[in-house]
Amino acid sequence: MKHIKKCLILAVAGLPLLNSCSDSWLEPKPLSIYTPENTYVDADGLYAALVACERNMRHEFFGDGAPITTDMYTTDLAVTGTTDKSGPLIDMDADLLPSRTANDVNKNKIGWYWDEGFKGIKYANIVLNRMKNATFKDEAEENAVRGAAYFQRAYRYYKLTHLFGDVPYLSQEIETPKVDFYTYDRWSILEQIEKDMEFAYQWVPEKVDRGKPSKWACGVLLMKVCMSLGHFDRAIEIGKEVIAANPLMTERFTTNKTKPNTNLMHDLHSVEAKMDMSNTEGILYVVSYPEVEGRDRINTMRNATPYWANGSIKTPDGKTGMSIVPANEAKGTELDNDANVGRGIGTCRPTNYYQYDIWTEKEKNDLRGVYNRDSWKGVFDLYYNAPALKGTEWYGKHPVKPVGMSVSDSIRCWFQWPHYKTFVPDPSVTTDRRGGETPWYIYRSAEVYLMLAECYYWKDMKQEAANMMNVVRQRAGAESLAASDINIGTVLDERARELYYEENRHVELSRISYVYALTGKACEVFGGHVYKLDNFSGPKGTSVNCKDAGVNFYFDWVSAKNNFYNKGIKTNYAEYRFSTHHVLWPIPEGSITSNTGGVINQNVGYPGTENNITPLKVGQDVPSESAQ
């Protein structure tokens, strides 16, 4: 908050850098004293520039059809539940193409990850470039600013290299129009950001304002990069340091602990917990504080809960069962479905794997799971509350799934969800509650325990892996795992239980797929199969929709776990389909065609690969004289 003034100055000063030229910029105007040259003069000014990066981090999780949902519904956890129109990403064979990448709530947000990823890199590079003309109190302050900028750049490249593979690498501020970018080898990018994050982990302070990366956030990102490169020993070393400084919250806290029908998970994921400075588990947040200018609504109750109010849920005698606006005497009571769970539209529809398969007898007492009906809700937990039903036998009773409900309506209107995570009070409205203003976790120490468990799995240290997972499981009330239980499947199951709507699931599945191919480790869950890098995305060629098992772990895992894709479920508009090359998303076509002076490669399996060239490595000179 203390940097708001400089942030506003920066927004004005930086506009010419963020927009294409127009006639208005050619008109003579008095020069503001708040130019970049006057703003980027000290640590405060440079930190203010990084607020743009922090803002864009928030946008991934907030708003209608938030980008995180696109990441989720290309995985084992969920699919897009928007079944009432063509365009949403249901048939990836037909719609996940370079020409159809979008930043569109009605289609997909793949274009958002590409565009906003490079915007974040641009902002970070501006800071790194302008540091040479700034004045600092001492070396520690200078290195802390540099480390914070390295974090923001690496945060984007970690995602880009796992969602898009080989991508352009930008290490300098771009001060003039540029159309000669080249693709760089993802491995060399990861090696570079590993070095950058080692620096950041050394110099970024432990204590920072909420919403900014701390030393420990740098440590989590460094762990992820180390794991991507197979540097498991270093990842373990860092992880132990992180959890020592950031213990799990194991006792109830905040004012929510006195509320009925709640538990520790409600406490941990409440707005109050994410604002509570005694919360030792939260390592990195994005922030949107209630009643603060610039706040945003997270929309989890819209995106991740069923479309119970669209009229498709009928009473057994065929009458419309549910209403957003109940009768006056029902408002604020248990019959007020909108107030109690929010008004969802089923954008992000969980799979059977997430709703049922991962909740076994060992999770009977798990506070995060479906057996705990305080934590989870389903349409069957709501109430027939349509005012027109008053006086009938069905008014005030729980819904019964209509016998004749269509497949499309079943997908969108009838499922259960983790209420303890998605419910965010929305006091700014009285109806149509979508999820209000709140900070949101990006990194928590619970994930670090699960990352440590995965590192031990890769090193065949299964008892140590079980020990790490059991810390998280015991906190939730689940039974402990034995060494004999450990495989990559149990690691992914636990990540799903703990990190739904927090982790970038596609990013992490891609990372694990690359690690299998890099290490040659036999995958126990698929009969000891060994994956390879040389055919990571499947056979080369334009639009080859390969569905062979054994090409990459991502395809095998999602095929096995996502019931929509493995059963070929059809809606009125499309069939759920995907292929091996969807482990990586397509490079947006416009970015390739507008890059007239260089070459940006397309990923295998998509149109345009015939124009690819050998990727450069970080530090290697580009073919032309222009430097990146």
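Here the residue index of a chain counts from 1 through its sequence in written order. Local features are withheld for residues below a pLDDT of 70 in this predicted model, meaning they are given only at 70 or higher, and side-chain atom pairs are given and counted only at 80 or more; totals for whole chains, interfaces and linings count all residues. Heavy atoms from the whole structure form the basis of all side-chain values; hydrogens and water molecules are not counted.

## Comments concerning the UniProt feature "domain: SusD-like N-terminal" (unreviewed entry) in the protein chain
Here is step 1 of the chain: UniProt positions are given in the numbering used here, feature names are shortened, and annotations may be inferred rather than shown by experiment. The UniProt feature table records "domain: SusD-like N-terminal" (unreviewed entry) at residues 105-223.
Here is step 2 of the chain: Along residues 105-223, the helical share is 61% and the strand share 3%, with 32 Å between the first and last C-alpha atoms. Numbered from the N terminus, helices here are DSSP runs of H or I no shorter than four residues, and strands are runs of E no shorter than two.

## Observations regarding the environment of M322
Here is step 1 of the chain: By secondary structure assignment, the location of M322 is in the loop between α13 (300-303) and α14 (337-341).
Here is step 2 of the chain: For M322, the residues in contact, after removing those within four places along its chain, are W308, I313, N337, L382, Y383, Y384, N385, A386 and P399. Contacts were defined at the residue level, with two residues in contact if any of their heavy atoms lie within 4.5 Å.

## Here we look at the pattern of salt bridges
Here is step 1 of the chain: Salt bridges are identified by distance alone: a Lys or Arg side-chain nitrogen within 4 Å of an Asp or Glu carboxyl oxygen. Under the definition given, this model contains 53 salt bridges.
Here is step 2 of the chain: The partner of R153 in a salt bridge is D196, with the nearest N and O atoms 3.1 Å apart. Of the two residues, R153 is situated in helix α7 (residues 139-163) and D196 in helix α8 (residues 186-203); the sequence distance between them amounts to 43 residues.
Here is step 3 of the chain: Summary of the burial criterion: residues with accessible area below 20% of their type's maximum are buried, those above 50% are exposed, and those between are partly exposed, where the area comes from a 1.4 Å probe applied to protein chains only. By relative accessible area, which is 5% here, R153 ends up buried.
Here is step 4 of the chain: A relative accessible area of 5% places D196 in the buried class.
Here is step 5 of the chain: Among the ionic pairs, D460 bridges to K521, the shortest N-O distance being 2.5 Å. Here D460, found in the loop between α18 (445-458) and α19 (462-476), pairs with K521, found in the loop between α21 (505-519) and α22 (553-561); they are 61 residues apart in sequence, far enough to count as distant.
Here is step 6 of the chain: Three or more residues joined by partner-sharing salt bridges are found here, namely E281, E363, D366, R368, K421, R444, R473, R475, E494, R497, E498 and E502.

## A closer look at the packing of helix α20 (residues 488-499) against α21
Here is step 1 of the chain: Here α20 crosses α21 at 165°, and the two axes come no closer than 12 Å. Relative to α21, the element α20 lies roughly antiparallel. Note on packing geometry: the crossing formed by α20 with α21 is right-handed. Of the residues in α21, those touching α20 at I488, L492, R495 and A496 are R505, E508, L509, I512 and Y516.
Here is step 2 of the chain: Only Asp, Glu, Lys and Arg are considered charged in this grouping, and only Ala, Val, Leu, Ile, Met, Phe, Trp, Tyr, Cys and Pro are considered nonpolar; every other residue, Gly among them, is considered polar. For the contact of α20 with α21, the residue count by class is six nonpolar, no polar and three charged. Every axis corresponds to a line fitted to the C-alpha atoms, with the helix fit spanning only the stretch in contact, and the corresponding angles, defined between N-to-C directions, vary from 0 to 180 degrees. Should an angle fall under 35 degrees it is called roughly parallel, over 145 degrees roughly antiparallel, and 65 to 115 degrees roughly perpendicular, with every other angle called oblique. Each crossing is labelled by how the near helix is turned from the far one, with a counterclockwise turn of less than a right angle marking it left-handed and a clockwise turn marking it right-handed.

## Some details on the packing of aromatic side chains
Here is step 1 of the chain: We call Phe, Tyr and Trp rings a pair once their centres come within 6.5 Å, taking the six-membered ring for Trp, and we label the pair stacked below 30 degrees between planes, edge-to-face above 60, and tilted otherwise. If you walk through the whole model with that rule in mind, you get 35 aromatic pairs.
Here is step 2 of the chain: A centroid spacing of 6.0 Å and a plane angle of 10° characterise the contact between F232 and W458, whose relative ring orientation is stacked. With F232 in helix α10 (residues 232-245) and W458 in helix α18, this residue pair connects regions lying 226 residues apart in the sequence. A single burial state applies to F232 and to W458, both of which are buried.
Here is step 3 of the chain: Grouped by ring-pair contacts, the aromatic residues W112, Y113, W114, F118, Y157, F164, Y169, Y184 and W585 constitute a single cluster.
Here is step 4 of the chain: Only Lys NZ and Arg CZ are tested; either one counts as a charge over a ring when it is within 6 Å of the ring centre and within 35 degrees of the ring normal. The ring of F62 is capped by R58, whose NZ or CZ atom sits 5.9 Å from the centre of that ring.
Here is step 5 of the chain: Positioned over the ring face of W187 is R186, at 4.6 Å from the centre of the ring.

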